[in-house]
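# Observations on the three-dimensional arrangement
So the chains spell out like this:
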Amino acid sequence: MELQGARVWVVGATGVLGGALARGMAAAGARVALAGRDRQRLAALAEELGGVPTQPVDAVDVESGRAALAAAVQALGGLDVVVVASGVVAFGPAADADDAVVEELFAVNTLGPMSLVRAALPRLADGGAVVLLSAIVADAPTLQMAEYSASKAALSAWASVLRRELRSRKVAVLDVKPPHVDTGLVDRALAGTPPRLPAGYDQRALVDTVLDGVRRGSREVVLDPGAGTLVLR
Ligand SMILES: NC(=O)c1ccc[n+]([C@@H]2O[C@H](COP(=O)([O-])OP(=O)(O)OC[C@H]3O[C@@H](n4cnc5c(N)ncnc54)[C@H](OP(=O)(O)O)[C@@H]3O)[C@@H](O)[C@H]2O)c1
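Throughout what follows, the structure given in this document is the object of discussion. These numbers come from a predicted model, not from an experiment. (Residues numbered from 1 in each chain as written. Predicted model: local features only at pLDDT ≥ 70, side-chain atom pairs only at ≥ 80, totals over all residues. Heavy atoms only, no water.)

This part takes up the sheet that holds strand β6 (residues 172-176). Here we have eight strands laid out as an open sheet, ordered β3-β2-β1-β4-β5-β6-β7-β8, and mixed in their pairing. On the outer flanks of this sheet lie β3 (54-56) and β8 (229-232), each paired with one strand and no other. Direction aside, the axes of adjacent strands within the sheet are offset by 20 degrees on average. In this sheet, β6 lies alongside strand β5 (residues 124-133) in parallel orientation, the contact comprising five bridges. Bridged to L132 within β6 is D175. Sitting on the sheet, helix α3 (residues 62-76) is in contact with β1 (7-11), β2 (31-36), β3 and β4 (79-84), with an inclination near 155 degrees to β1. With respect to the sheet, helix α4 (residues 99-120) is in contact with β1, β4 and β5, its orientation differing from that of β4 by roughly 175 degrees. (Pairing = 2+ DSSP bridges. Helix = DSSP H or I, 4+ residues; strand = E, 2+ residues; numbered from the N terminus. Axes fitted to C-alpha atoms, helices over the stretch in contact; angles between N-to-C directions. Contact = heavy atoms within 4.5 Å.)

Structure (structure tokens):
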């Protein structure tokens, strides 16, 4: 699809990757509406992008998501692309995980994005796109990250079915599975301390690949382990 003039709603725009994707979409000529939890960061990004509309949203509050969606659709005059980039992480052995932490992980990483996308689908134009940020751990569950891996694998499984079910509407579902990127996400973990992580993947290259994936209607952004770069499938 053509990004020039596309109406794009970015949820989790207050995060590092969500913000970078919103900037990338805007630079490609898209009209962008922003949603996020932190009102100050939301306002700062809106100002940077030229006063685009914003609305707070908390992933564990379904009503805030619906209200944010309605405001975005009204401000944009429709919807062509939904990007959900909200997420949290937690570390530690699976046997020791705290129930409340596991619930929050699944609420923010899995149930929240699913609910937002479900709400957005009736408003999404045919030929549009859904962009979800799962993670490399969806395909490669990682020690000390069992619940995070499971929350992302669940989102990814859901996305793969949604993609097939939306084929008749020609809506693309792009599942982005980044490796570690230095965004500070791991320092904001709900619990535990991160294991040794590989060097962070280049953020700019990630954004460029996602934008390319939206243009081409790709299914996934995955790491090619041989080349060490993200590729589209
Ligand atoms: N960084 C990596 O290495 C990496 C790798 C693979 C996948 N990912 C995924 O990429 C996505 C973005 O990560 P990031 O690195 O950009 O992290 P980040 O900078 O910490 O951004 C996380 C985003 O999630 C939002 N969020 C957290 N809890 C929320 C809640 N309860 N309700 C609504 N929003 C909530 C944050 O909102 P506020 O800031 O407004 O609170 C922020 O916008 C996540 O889904 C992450 O799992 C990241």
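Moving on from the coordinates now.
Right, let's get into the site of the ligand. What surrounds the ligand is a group of 28 residues, the closest being T14, D38, R41, Y148 and T183. Between the ligand and G15 there is a distance of 2.9 Å, counted from an oxygen atom to a backbone nitrogen or oxygen. Between G87 and the ligand, the recorded distance is 3.0 Å, taken from a backbone N or O atom to an oxygen atom. The fraction of the free accessible surface of the ligand (890 Å²) that becomes covered by protein chains is 94%. (Near = heavy atom within 4 Å. Polar contact = N/O pair within 3.5 Å; in protein donor to acceptor, adjacent residues only side chain to side chain. Areas by Shrake-Rupley, 256 points an atom, 1.4 Å probe, with all protein chains shown as cover.)

Below, the discussion takes up the pairing of β6. β6 sits mainly inside the fold: five of its five residues count as buried. Burial of β6 is two-sided: the residues A172, L174 and V176 facing one way and the residues V173 and D175 facing the other way are all buried. A crossover connection joins β5 to the parallel β6 through helix α5 (residues 146-165); in handedness this β-α-β unit is right-handed. (Buried < 20%, exposed > 50% of the residue type's maximum accessible area, 1.4 Å probe, protein only. Right-handed = clockwise from strand over helix to strand, strands pointing away.)

Put simply, helix α1 (residues 16-27) and helix α6 (residues 203-216) touch, their axes get as near as 10 Å, and they point 55 degrees apart. The angle between the axes of α1 and α6 places the two elements in the oblique class. Crossing geometry of α1 relative to α6 is assigned as right-handed. On the side of α1, the interface is formed by V16, L17, A20, L21, G24 and M25, while α6 contributes Q203, L206, V207, V210, L211 and V214. By residue class, the composition of the contact of α1 with α6 is ten nonpolar, two polar and no charged. (Parallel < 35°, antiparallel > 145°, perpendicular 65-115°, else oblique. Left-handed = near helix turned anticlockwise from the far one by under 90°. Nonpolar A, V, L, I, M, F, W, Y, C, P; charged D, E, K, R; others polar.)

Let us look at the side chain of E147. Relative to the elements of secondary structure, E147 occurs in helix α5. For the buried E147, no salt bridge is present, and the opposite-charge side chain at shortest range is K152, 14 Å distant. When neighbours within four sequence positions are excluded, E147 is seen to be in contact with A94, A97, V102, L105 and F106. (Lys, Arg positive; Asp, Glu negative; His and termini not counted. Salt bridge = Lys/Arg side-chain N within 4 Å of Asp/Glu carboxyl O.)

With that out of the way, let us pick up α6. End to end, α6 covers 20 Å across 14 residues, agreeing with the expected 20 Å (1.5 Å per residue, within 8%). When α6 is considered as a whole, its buried residues turn out to be L206, V207, T209, V210, L211, G213 and V214. Close packing links the buried residues of α6 with α1, β4, β5, β6, β7 (220-224) and β8. Phi turns positive, to about 70 degrees, at G217, one or two residues after α6. (Expected span 1.5 Å × (residues − 1).)

Summed over all chains, the structure comprises eleven salt bridges. For the salt bridge of R7 with D80, the shortest nitrogen-to-oxygen distance reads 2.8 Å. Here R7 is found in strand β1, whereas its partner D80 is found in strand β4, with 73 residues between them in sequence. The shortest N-O distance in the salt bridge between E48 and R23 comes to 2.6 Å. On the criterion of sequence distance, the pair formed by E48 in helix α2 (residues 39-48) and R23 in helix α1 is long-range, its members being 25 residues apart. Classification of E48 as partly exposed rests on a relative accessible area of 49%. What makes R23 partly exposed here is its relative accessible area of 37%. Put simply, D139, D175, K177, E220 and R233 are held in one network by salt bridges that share partners.

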